[in-house]
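Summary of the model geometry
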Amino acid sequence: MYIKVVRHDGTQPLIFEKEGVYLHTNAKRSNQDTSIPGFIRIVERAGVPALEWSPLEDDGRNAPAVLFSKKDGDGGEEDTSFDPGYEPDWAVISTVKKERVHAPVKDSGHWAFSLPLSELYSLRRSRFSLGRNFLVLTSRGGHPLPPLHFHRGGTRELLRALHRYIILDPSPLDGRLFLAYPQDSGAQSFDRLQFLDDGGNDLVSRFIHDPYATTFGGFSKVTNFFRAALRPPESPVHSRTPQDPSLPPQSDDEPGFELITCGVELGPRPDVTRGPPLDKWEEFLDSEGRVTCPEKIKELVFRGGITPSLRKEAWKFLLGFYPWNSTAMEREDILQVKTDEYFRMKVQWKSVSEEQEMRNSLLRGYRSLIERDVNRTDRHNTFFSGNDNPGLTLLHDVLMTYCMYNFDLGYVQGMSDLLSPILFITQNEVESFWCLTGFMELVHQNFEESQEAMKQQLLQLSVLLKALDPELCDFLDSQDSGSLCFCFRWLLIWFKREFSFEDILTLWEVLWTRLPCENFHLLIACSILQSQRGELIGSDHDFNTILKHINELTMKLDLQSVLRGAEAICLQLLQCKELPVMVKQVLGLYVPSSSEEASPDSQASETQRLLSQSQEGAAASNSARGPTHP
């Protein structure tokens, strides 16, 4: 899919018009104007509102429209109503082309544009020292348009006119930056993510309209969103100075986090080997069917995963469906109780009539999102492929029942990605539901409306990376990427879109062991980032090409290499005797005590215990029994 420019005849209904709006092209050639006078308009084209600028010479009659066309190979036909479904892949996005028009049209006409308001991502309002306002518009594809300078005023009137069609939310970090959302808001989703909560009710909120596509299809929308939210784009006339406290704080000023200005001496990173998967189960059960050594099983799973034939049983323990100390008879009773409870909740939504649902917008919204997401979740997998697939029905029903189980959270897009591997393994409606609830106990905060957990995890990831690789952090900071917002999808759904379906089964069961430290998933992210440092540092990458490169890692990462790297990082950090307190807190090695008397010895003891456990695991042979922790 690509973006191109076509012309229209200017006969659409005119909603708003303002003259004296100059477009600054920054053109270097002497035969081109660098400040072009023109009109800014809001027009409706076939009922679709668009923001247009045209020079005085064109008077709006030749303003181009930004349209989507299908990828090459689809016939090459232009389709102005084509819905891409997902954000176009980075590899096939091109910039908006300025169509060359032959004489007698002047060069200034090349810069005319028309942007559907549904494609407006952000609007930044700034002011020169002489008092003239100017706006910088950015499309949802990440394409900035030339600045528009209002020599005769009118920015407030334009914003008021835009409010008829879209919501403009100010960034909590920069009151001049507005993020655009459609007026119609559905059920809770990632359409308008409340990612930052620095001012109570003044939040950067959720995306609207097609969150599944924006968050999971391509990175350009979600990452540009967070780029603006975390560090608004710089402008040549607004640089941060000590005399300008109104400008947003830089990432190093983030409250509550220790500033790591230089790398600590971590020592050498040890070599790590992986082990074979857990391939025996019965030998870990006593005569009553009770698991005798759950820690041993977790160690084996962490070291090598689980053989496919044992996953159905082992996952139910890892995800809390069965207690580790339950007997076989007790598990039969648990299954019966859980089955009855599940179907009681399922009946609740199944018994709602169409007439009732028409008066329940929340349930109607959940159902709409679920039905849409079910139809595009892991359809390449045979368990979910084809039409009228019973696997799709199970996926739908389990997610609808989860809305009854946790109505406050309900359904948030991305949860279907968490359920599909579980359903694929259990192939049982009741078991998959209760395993999902266990998984959601670990990650439910990722989906909560405040998004405080996602903000916290990105900050924690930044703390870890600054301790591990200050040079890489400095480079990312220099390219306006120090917020690590391009890792958002990784953390949100635990790398579900970055690895193959089979690899995700292994990765998740490793993470479910909660070994060898807290937040091991953040060390996995560090392992991936450090594996790419050679490609990033010293290159010509900027913010957008960094996003492009990270996005193109999807399905190209070697899971075992990533896991070895993450565990090696963990061992390296555990061996460091002068680890920053914030790094210890992220890894769960340090919990501040209310009394100051007892901490150092107990913390040193805990660190030593974890270090010895991890060293034993790394040094263990590749036997089926794997390493042993004391």
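Residues numbered from 1 in each chain as written. Predicted model: local features only at pLDDT ≥ 70, side-chain atom pairs only at ≥ 80, totals over all residues. Heavy atoms only, no water.

The helix and strand tally for the protein stands at 21 helices and 13 strands. Evaluated residue by residue, the protein yields a buried proportion of 56% over its 630 residues. As presented, the protein carries roughly 27,900 Å² of accessible surface, and 48% of it is formed by carbon and sulfur atoms. (Helix = DSSP H or I, 4+ residues; strand = E, 2+ residues; numbered from the N terminus. Buried < 20%, exposed > 50% of the residue type's maximum accessible area, 1.4 Å probe, protein only. Areas by Shrake-Rupley, 256 points an atom, 1.4 Å probe, with all protein chains shown as cover.)

Right, let's talk about the nonpolar core for a bit. Core analysis: the biggest nonpolar cluster contains 120 residues, and Trp281, Phe447, Leu507, Leu523, Ile524 and Leu573 have the highest contact counts within it. Two domains each put at least three residues into this core: domain 2 (307-447) and domain 3 (452-587). If near-sequence neighbours (up to four positions away) are discounted, Leu507 is found in contact with Trp494, Phe495, Phe499, Ile524, Leu559 and Leu563. Core analysis: the next-biggest nonpolar cluster, separate from the first, contains 28 residues, Ile42, Leu158, Tyr165 and Phe178 among them. (Core = buried A, V, L, I, M, F, W, Y, C linked by side-chain atoms within 4.5 Å. Domains from an automatic or database assignment. Contact = heavy atoms within 4.5 Å.)

This part is about the packing of aromatic side chains. Applying the stated criterion across every chain, the model contains 23 aromatic pairs. Seen in terms of ring centroids, Phe439 and Trp508 are 5.0 Å apart; in terms of plane orientation they differ by 70°. Their pairing is edge-to-face. Linking Phe439 in helix α11 (residues 429-443) with Trp508 in helix α15 (residues 501-512), this pair joins segments that are 69 residues apart in sequence. Accessibility classification places Phe439 together with Trp508 in one group, the buried group. Taken together, the ring pairs connect Tyr342, Phe343, Tyr402, Tyr405, Phe433 and Trp434 into an aromatic cluster. A cation sits over an aromatic face here: Arg274 above Phe302, 5.9 Å from the ring centre. The positively charged end of Arg331 is found above the aromatic ring belonging to Tyr322, 5.9 Å away from the centroid. (Phe/Tyr/Trp six-rings, centres within 6.5 Å; stacked < 30°, edge-to-face > 60°. Lys NZ or Arg CZ within 6 Å of the ring centre and 35° of its normal.)

Moving on to helix α12 (residues 452-468). Its 17 residues place the ends of α12 24 Å apart at the C-alpha level, agreeing with the 24 Å of an ideal helix rising 1.5 Å per residue. Burial within α12 is extensive, with 15 of its 17 residues counted as buried. (Expected span 1.5 Å × (residues − 1).)

Let us look at the environment of Pro147. Checked against the element boundaries, Pro147 lands in the loop between β8 (133-139) and β9 (148-150). It is 9.9 Å that separates the C-alpha atoms of Pro147 and Ser35, two residues lying 112 residues apart in sequence. Contacts of Pro147, omitting those with residues within four sequence positions, involve Tyr22, Leu23, His24, Phe134, Leu135 and Val136.

Residues of helix α13 (residues 470-478) that are buried include every one of Leu472, Cys473, Phe475 and Leu476, and no others. Looking straight down α13, one finds that the buried residues subtend no more than 160° of arc, so they occupy a single side. On its buried face, α13 sits against α12, α16 (520-531), α17 (533-536) and α18 (543-551). (Arc of directions from axis to C-beta.)

Glancing now at the packing of α12 against α16. Helix-helix packing is described using two parameters, namely the angle between the two axes and the distance between the axes. As a packed pair, α12 and α16 sit with axes 10 Å apart at the nearest point and diverge in direction by 55°. The angle between α12 and α16 falls in the class oblique. The handedness of the crossing between α12 and α16 is right-handed. Taken together, the residues of α16 that come into contact with α12 (itself represented by Gln457, Gln460, Leu461, Leu464, Leu465 and Leu468) are His521, Leu522, Leu523, Ala525, Cys526, Leu529 and Gln530. Residue classes in the contact of α12 with α16 are distributed as 9 nonpolar, 4 polar and no charged. (Axes fitted to C-alpha atoms, helices over the stretch in contact; angles between N-to-C directions. Parallel < 35°, antiparallel > 145°, perpendicular 65-115°, else oblique. Left-handed = near helix turned anticlockwise from the far one by under 90°. Nonpolar A, V, L, I, M, F, W, Y, C, P; charged D, E, K, R; others polar.)

A few words now on the side chain of Lys496. Along the chain, Lys496 turns up in the loop between α14 (488-492) and α15. For Lys496, the contacting residues outside a window of four places in its chain are Asp378, Asp417, Ser420, Pro421, Ile504 and Trp508.

Once that is clear, we can look at the state of the cysteines. In this structure the tally under the stated criterion is 0 disulfides. The closest cysteine sulfur to the non-disulfide-bonded Cys570 is located on Cys517, 3.6 Å from its own sulfur. Overall, Cys570 belongs to the buried group, its relative accessible area being 1%. (Disulfide = S-S within 2.5 Å.)

Along strand β11 (residues 177-182), 6 of the 6 residues are buried, which leaves the element largely enclosed by surrounding structure. Of the two faces of β11, the one lined by Leu177, Leu179 and Tyr181 and the one lined by Phe178, Ala180 and Pro182 are each fully buried. The pairing of strand β10 (residues 166-170) with β11 spans 5 bridges and is classified as antiparallel. Counted as the bridge partner of Leu168 is Ala180 from β11. (Pairing = 2+ DSSP bridges.)

Most of strand β3 (residues 35-45) is tucked away: 8 of the 11 residues are buried. Sheet analysis places strand β2 (residues 14-24) next to β3, joined by 9 bridges and oriented antiparallel. In the sheet register, Phe16 faces β3, and the bridge partner there is Ile42. Note that β3 and strand β4 (residues 48-55) share 8 bridges and pair antiparallel.

Looking now at the confidence of the model for the protein. Put simply, the protein has an average pLDDT of 75, and 67% of its residues get 70 or more. Throughout residues 60-109 the model reports pLDDT below 50, and contacts reaching past four residues in sequence, or to other chains, amount to 119 contacts. Here residues 596-607 is a poorly scored stretch, pLDDT under 50, and it has 6 contacts once near neighbours within four places are set aside; other chains count. (pLDDT = per-residue confidence, 0-100.)

Next up on the list: unusual backbone geometry. With an omega of -5°, the peptide bond running from Leu515 to Pro516 counts as cis. For Pro516, the location among the structural elements is in the loop between α15 and α16. Despite not being glycine, Ala46 shows a phi value in the positive range, around 55°. Note that Ala46 resides in the loop between β3 and β4. Ala46 gets classed as exposed once you look at its relative accessible area, which sits at 78%. One non-glycine residue, Phe495, lies in positive phi territory at about 65°. The topology assignment puts Phe495 in the loop between α14 and α15. The class for Phe495 is buried, based on a relative accessible area of 0%.

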